[in-house]
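Given next are the chains, with one letter for each unit.
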Amino acid sequence: MIVGLTMLFALFSGMGLAFLREHLDNTLKDSDEVEAKLGLPALGVLPEIAATGNPAAPPEIAFLKESHSVFAEAVRTIRTGVVLSGLDNPYKIVLVTSTLVAEGKTTVAMNLALALGQLEPVLLLAADMRKPMVAKICGFDRQTPGLSNLVAGTAGLEECLHTIPGTEIKVLPSGVIPPNPLEMLSSRRFADTLDGLAEHYGRIVIDSAPVQIVSDALVLATRASAVVYVVKGMDTPYQAAREGLKRLAQAGTPIVGVVLNRLDLHWLARYGKYGMKYYQHYGYGQEKGDRG
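The following refers to the structure shown. (Residues numbered from 1 in each chain as written. Predicted model: local features only at pLDDT ≥ 70, side-chain atom pairs only at ≥ 80, totals over all residues. Heavy atoms only, no water.)

### Things to note about the layout of surface pockets
Unoccupied space between atoms shows up once a probe the size of one water molecule is rolled over them. What counts is decided by this rule: The definitions used throughout rest on a 1 Å grid laid over the protein atoms alone, on which a cavity is an enclosed set of points accommodating a 1.4 Å probe that cannot get out and a pocket is an open set flanked by protein within 12 Å on both sides along at least five of seven lines; lining residues are those having an atom within 4 Å of a point. Grid points are joined across faces, edges and corners, and a volume is the space filled by probe spheres set on the points. Helix and strand assignments come from DSSP, with helices taken as H or I runs of at least 4 residues and strands as E runs of at least 2, each series counted from the N terminus. Residues are grouped as follows: Ala, Val, Leu, Ile, Met, Phe, Trp, Tyr, Cys and Pro are nonpolar; Asp, Glu, Lys and Arg are charged; every other residue, Gly included, is polar.
Its boundaries defined by the atoms lining it, the largest pocket holds a volume of some 470 Å³. If you trace the largest pocket, you find 20 residues lining it, with E60, A102, T106, K131 and M133 closest to the centre. If you list the elements that add at least two residues to the lining of the largest pocket, you get helix 5 (105-116) and helix 6 (134-138). Among the elements that make up the lining of the largest pocket, the one with the highest residue count is helix 5 (three residues). Each residue belonging to the lining of the largest pocket can be placed in one class, and the counts come to seven nonpolar, four polar and nine charged.

Shown next as structure tokens:
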């Protein structure tokens, strides 16, 4: 009897702890939670992808290197959402940002640019001057001329424009990091430069710094046509994401939706969440040791 009561107590204690953990969890785990807690449509869900250790195939260009993967198909879904949300009045300049660092906004920006590049001429603009990653991922030298050089007039457009290896997509890296990036992004010269670039490309995708770290994204939002907001699944508190979105909304730029990134589908499979039969049917979560 004592053993039976102990087992029964342990069972109910475990169930109670599980319900308590679920109740206290303030992260986002699926598109329904995105829409319920952030009040915005979920453009798509990107799973963590296998870390191959190959520097030539980082997650930021997975759409290019693994074009038939389920990750690439998820990126196409995001691309469709962006295109259809501005069907009558296409969003010319799409800003990609997030709440905090390490949520995968550069991964989303670069893969989205690669996907849009299949439909029209696209320019990827690296405007994250705080932690520039695009040049490094593309294999460019740290001193490669880019956005800051173009705005300052120390280099011409042809010197600053580069091509993502293996594609025809143009990229404008950050260039030399200015002492005060916010001042440069707020300048009239930057606005004129962006307007000039918009005349030559069907779409411009901007990789920006996170909203809650600095004010760069808020300034860029006033220049953009639409915003794509990236949230790291099962990690970023939805309250922080909601606050970041609130700040962006003050710029008056349409926020077309949220991308739930780096979702651990293996965890969801174990706990029976997020319609795993659907994901398993299409190949999600078949490899272990993933990363975003």
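Picking up where we left off.
### Some details on a nonpolar patch on the surface
Heads up, the rule is: Patch criteria: residues need more than 30% relative accessible area and no salt bridge. Like-charged residues are merged within 9 Å; nonpolar side chains of Val, Leu, Ile, Met, Phe, Trp and Tyr are merged within 5 Å. Under the convention used here, a 1.4 Å probe and the Shrake-Rupley method define accessible areas, while residue burial counts only the protein chains that appear. Salt-bridge detection follows one rule: a side-chain nitrogen of Lys or Arg within 4 Å of a carboxyl oxygen of Asp or Glu.
Nonpolar side chains collect at one region of the surface, where L100, V101 and I213 lie side by side and expose about 250 Å² of accessible area between them. Relative to the helices and strands, V101 is located in the loop between strand 3 (93-98) and helix 5.

### Some words on the sheet that holds strand 9 (residues 255-263)
Where we set the bar: For two strands to be treated as a pair, DSSP must find no fewer than two bridges joining them. Contacts between residues were defined by any pair of non-hydrogen atoms, one from each residue, lying within 4.5 Å. Axes here mean lines fitted to C-alpha atoms, for a helix over just the part in contact, with angles spanning 0 to 180 degrees between N-to-C directions.
Spatial ordering of the open sheet is given by 1-9-8-3-7-4-6-5, a layout of eight strands whose pairing is mixed. The open sheet has two edge strands, strand 1 (42-47) and strand 5 (162-163), and neither has a second partner. Where strand 3 lies against strand 7 (residues 203-207), four bridges are found, and the strand directions are parallel. Within strand 7, the position partnered with L95 by the bridge is I206. Of the strands in this sheet, strand 3, strand 8 (226-232) and strand 9 are in contact with helix 12 (residues 238-249), which crosses strand 8 at around 170°.

### Focus on the pairing of strand 9
In regular strands, side chains alternate between the two faces of the sheet. For clarity, the threshold we go by: Buried means the residue's accessible area, taken with a 1.4 Å probe over protein chains only, is under 20% of the maximum for its type, while exposed means over 50%, and partly exposed covers the values in between. Crossovers are marked right-handed if the path from the first strand over the helix to the second runs clockwise, as seen with the strands pointing away from the viewer.
Extensive coverage of strand 9 is indicated by the burial of eight of its nine residues. Inspection of the sheet shows strand 1 paired to strand 9 by four bridges, in the parallel sense. When the sheet's bridge partners are listed, G44 is paired in strand 9 with V259. With six bridges joining them, strand 8 and strand 9 adopt parallel strand pairing. Note on strand 9: the bridge partner recorded for V227 is I255. For the segment spanning strand 8, helix 12 and strand 9, crossover handedness is right-handed.

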